[in-house]
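# Descriptive structure summary
Read off the chains here:
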Amino acid sequence: MDFLQSDFVTLTQALKNKEVSAVETAQFFLRRVESLDQQLNSFTHVNKELLTQAEELDQKISRKEAVGPLAGVIFGIKDMLCTKGMPTTAGSKMLQNFVPPYDATLVARLKKADALIIGKMNQDEFAMGSSSETSTYGPVKNPWDTTRVPGGSSGGSAAAQASRLAMGTIGTDTGGSIRQPASFCGVVGVKPTYGRVSRYGIIAYASSLDQAGPLTSNVKDAALTLEIICGQDKYDSTTSDHVVESFSQNLNADIKGKKIGVIKEFIHDIPDASIAKNFNVAVETAKDLGAEIVEVSIPLTQYAVPMYYLISASEASSNLARYDGVKYGYRTPKDQSAQLSLDEFYCFSRGEGFGAEVKRRIMLGTYALSSGYSDAFYLKACKVRRLLRQQFIDAFKKCDIIMGPVTTTPAFKLNDKVDNPLKMYLNDIFTTSTNLAGLPGMSVPFGMAQQLPIGIQLTAPHFHEQVLLNFAYALENTQPALETRKLRPHVY
Ligand code: GLN
């Protein structure tokens, strides 16, 4: 069994045919984590129960009991998602000792499908960042070049996936945190429509934007994972009752006659020449496949970054108010030795528990929501956001899907932007609109830029994940496998 190449269906079949056992599969990936992850720092926790859980699955197969569609597939879960009995830190000191007594719905659904969880993936603190450098547990490295960032905030998920330390991983995407690291690490990453995937048990960052989704080595695996994790959940009232198709069965790479929109405001001034060149190749490739390219205008995308940072920081300041050392989270040890007032107690606990970027956002958000300012900032951003959503809906009257770059550059160097928040935020120019409009989006590996992998971004109308996956499948089929191109990450 070639665990490095195998897709989910091949593995589950081999398992059912007893060509391989779940224990062997788990051992293979645990060995890889042990030998390779010192170079990446992509895990915050490795599941100590994995072998026992794999053995239980093997016994189930021996007893000829029916097993789920993800039987034996090894998943890594971003540390934003609650995992019963396994630490869940959100990359923060604030939650360093938090072991949830329950699973997030998404995790429960993976387990119900008989997937195995190998551990928790490192990330930017509370998912705030684009480089995975703000984690309390140290920065994550890009497996293609360990002097570079893997992207963020789901950098651990993307890096581990690219190095095959798991067969699939889960990330969250509030402003690009699945798509951007997927692009930087050369893996597939999908952010579903807002409301498609339950957020029950996912640590809240910005509640009107947060979604979770898969990062995988190929489109088919992403489709299969989505099929399992999408769908209404009684524990999350924002989930939609929209029917969940058999995405993986319905995959269809025929895009002949379909219309691909390119956003005028994005594509004419892509700052990096290698990204622009690669995007143009993708456009030509789509034309060769019989698709028609149409230019669409979405003028409000130019305000996406300020809108996103106002809305996300405001919602974060509210969501993170619960971490006060009493109800939740890190508690200052100073309360043991001194008589602290309640205010002092909160200040020390929050001051010591949160990192600099999180504090910056809490301050920005509190200001933007404060009396006298919220109309000018938060409410204004919400109104413009509504108009942006409408501009997308109008654009989709002219095309089936929108295609564009994911990022302005390939993976940048560690420490390059971490001390310059504005530089870091501007990095999110192409990804944030999708979240603001609530649309499904993905990054599919396509070509290389400056000898680094890079993705193409696809955005579909609300609840059209199938269309998204089909276009990605078509693009993927034009790419010779990395193996054939003799290209693979440095850490592999
Ligand atoms: N980079 C963006 C931010 O820093 C997006 C993060 C995300 O999607 N979680 O907020």
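So, here is what we can say about the structure in this document. (Residues numbered from 1 in each chain as written. Predicted model: local features only at pLDDT ≥ 70, side-chain atom pairs only at ≥ 80, totals over all residues. Heavy atoms only, no water.)

## What about the overall build of the protein?
Scanning the protein from terminus to terminus reveals 17 helices and 11 strands. Taken against the 2.2 N^0.38 rule, which gives 23 Å for 492 residues, the C-alpha radius of gyration of the protein at 22 Å falls within 12% of a compact globule. For the protein, long-range pairs separated by at least 24 residues make up 75% of all intrachain contacts whose partners lie at least 6 apart in sequence. Charged side chains of the protein number 51 positive and 50 negative; the gap between the two group centres comes to 2 Å. (Helix = DSSP H or I, 4+ residues; strand = E, 2+ residues; numbered from the N terminus. Rg over C-alpha atoms; globule rule 2.2 N^0.38 Å. Contact = heavy atoms within 4.5 Å. Lys, Arg positive; Asp, Glu negative; His and termini not counted. Charge placed at Lys NZ, Arg CZ, Asp CG, Glu CD.)

## Quick word on the site of the ligand
The local shell around the ligand holds 15 residues, among which Ser130, Thr174, Gly175, Ser177 and Tyr308 are the closest. In the model, a nitrogen atom of the ligand is placed 3.5 Å from a nitrogen or oxygen of the Ser153 side chain. In the model, an oxygen atom of the ligand is placed 2.8 Å from a nitrogen or oxygen of the Arg361 side chain. Burial of the ligand by the surrounding chains reaches 99%, relative to a free accessible area of 290 Å². Considering only residue class, the shell around the ligand consists of 5 nonpolar, 7 polar and 3 charged. (Near = heavy atom within 4 Å. Polar contact = N/O pair within 3.5 Å; in protein donor to acceptor, adjacent residues only side chain to side chain. Areas by Shrake-Rupley, 256 points an atom, 1.4 Å probe, with all protein chains shown as cover. Nonpolar A, V, L, I, M, F, W, Y, C, P; charged D, E, K, R; others polar.)

## Considerations on the layout of surface pockets
If you add up the space inside the second largest pocket, you get close to 370 Å³. Looking at the second largest pocket, it is lined by 17 residues, and the ones nearest its centre are Gly201, Ile202, Ile203, Ala204 and Arg322. A per-class count over the lining of the second largest pocket returns 10 nonpolar, 3 polar and 4 charged. (1 Å grid on protein atoms, 1.4 Å probe; cavity = no way out; pocket = protein on both sides within 12 Å on 5 of 7 lines; lining within 4 Å. Points joined across faces, edges and corners; volume = space filled by probe spheres on them.)

## Considerations on the sheet that holds strand E10 (residues 441-449)
One open sheet holds the 11 strands; their spatial order is E1-E3-E2-E4-E6-E5-E10-E11-E9-E7-E8, and the pairing between them is mixed. Strands at the two margins of the open sheet, each flanked by one partner only, are strand E1 (43-46) and strand E8 (292-296). Recorded for the sheet is a direction-independent mean angle of 30 degrees between the axes of neighbouring strands. Relative to strand E11 (residues 452-459), strand E9 (residues 401-405) runs antiparallel, the two being bridged by 4 bridges. The partner of Met403 across the bridge, within E11, is Leu458. On the sheet, helix H9 (residues 273-288) packs against strand E7 (259-263), E8, E9, E10 and E11 and is oriented at approximately 110 degrees with respect to E10. (Pairing = 2+ DSSP bridges. Axes fitted to C-alpha atoms, helices over the stretch in contact; angles between N-to-C directions.)

## Remarks on the pattern of salt bridges
Counted under the stated rule, the structure contains 16 salt bridges. Linking Arg148 and Asp145 is a salt bridge whose minimum nitrogen-to-oxygen distance equals 2.9 Å. A single salt-bridge network, built from bridges that share partners, covers Arg196, Glu245 and Glu465. (Salt bridge = Lys/Arg side-chain N within 4 Å of Asp/Glu carboxyl O.)

## Focus on the nonpolar core
One finds Leu70, Phe75, Leu110, Phe126 and Met403 to be the most contacted residues of the largest nonpolar core, which totals 144 residues. The dominant element in this core, judged by the number of residues it contributes, is helix H2 (residues 22-40), at 8 residues. Excluding anything up to four places from it in sequence, Met403 contacts Ile260, Gly261, Val262, Phe279, Ala282, Val283, Ala286, Ile456, Gln457, Leu458 and Leu475. (Core = buried A, V, L, I, M, F, W, Y, C linked by side-chain atoms within 4.5 Å. Buried < 20%, exposed > 50% of the residue type's maximum accessible area, 1.4 Å probe, protein only.)

## Some points on the packing of aromatic side chains
Under the criterion given, the structure shown has 19 aromatic pairs. Taking 5.8 Å as the distance between ring centres and 65 degrees as the angle between the ring planes, the aromatic pair formed by Phe126 and Phe354 counts as edge-to-face. Taken together, the residues span a long stretch of sequence, with Phe126 in the loop between strand E3 (116-121) and helix H5 (155-162) and Phe354 in the loop between helix H12 (342-353) and helix H13 (356-369) at a distance of 228 residues. Phe354 shares its class with Phe126; the two are buried. An aromatic cluster of at least three residues, connected via ring pairs, comprises Phe126, Tyr323, Tyr328 and Phe354. Lying across the ring of Tyr492, Arg32 places its NZ or CZ 5.2 Å from the centre. Over the ring of Phe412 we find Lys417, and its NZ or CZ is 4.5 Å from the ring centre. (Phe/Tyr/Trp six-rings, centres within 6.5 Å; stacked < 30°, edge-to-face > 60°. Lys NZ or Arg CZ within 6 Å of the ring centre and 35° of its normal.)

## Examining the pairing of strand E5 (residues 188-191)
In E5, alternate side chains face the same way, and those of Val188 and Val190 on one face and Gly189 and Lys191 on the other are all buried. Examined bridge by bridge, E5 and E10 share 3 bridges and lie antiparallel to one another. From the neighbouring strand, Gly189 faces E10, where its bridge partner is Ser443.

## So, the side chain of Glu315
Mapped onto the fold, Glu315 is located in helix H10 (residues 304-319). The contact partners of Glu315, leaving out residues within four places of it in the chain, are Tyr205, Ala206, Ser207, Ser208, Leu209 and Tyr378.

## Details of H10
Because an α-helix completes one turn every 3.6 residues, residues spaced three or four positions apart along the sequence face the same direction. With 16 residues, H10 should cover 22 Å at 1.5 Å per step; its first-to-last C-alpha distance of 22 Å lies within 8% of that length. Taking burial as the measure, the 16 residues of H10 include 13 buried ones, the bulk of the element. (Expected span 1.5 Å × (residues − 1).)

## A look at the side chain of Thr193
Take Thr193: it is sitting in the loop between E5 and strand E6 (211-216). Among the polar contacts made by the side chain of Thr193, one reaches the side chain of Glu465 at a distance of 2.7 Å. Each residue touching Thr193, except ones within four places of it in the same chain, is listed here: Gln211, Gly438, Leu439, Pro440, His462, Phe463 and Glu465.

## Let's talk about the environment of Thr407
Along the polypeptide, Thr407 turns up in the loop between E9 and helix H15 (421-426). In sequence terms Thr407 and Phe184 are 223 residues apart; their C-alpha atoms lie 8.5 Å from each other. Look past the residues within four positions of Thr407 in its chain and what remains in contact with it is Gln180, Ser183, Phe184, Ile275, Phe430 and Ile454.

## Observations regarding the packing of helix H4 (residues 105-112) against helix H7 (residues 219-229)
In contact at an axis separation of 9 Å, H4 and H7 are set at 110 degrees when each is read in the N-to-C sense. As far as their axial angle goes, H7 and H4 are roughly perpendicular. Handedness of the crossing formed by H4 with H7: right-handed. Counting all contacts with H4, which are made through Leu106, Arg109 and Leu110, the residues of H7 involved are Thr225, Ile228 and Ile229. Across the contact of H4 with H7, the residue classes tally to 4 nonpolar, 1 polar and 1 charged. (Parallel < 35°, antiparallel > 145°, perpendicular 65-115°, else oblique. Left-handed = near helix turned anticlockwise from the far one by under 90°.)

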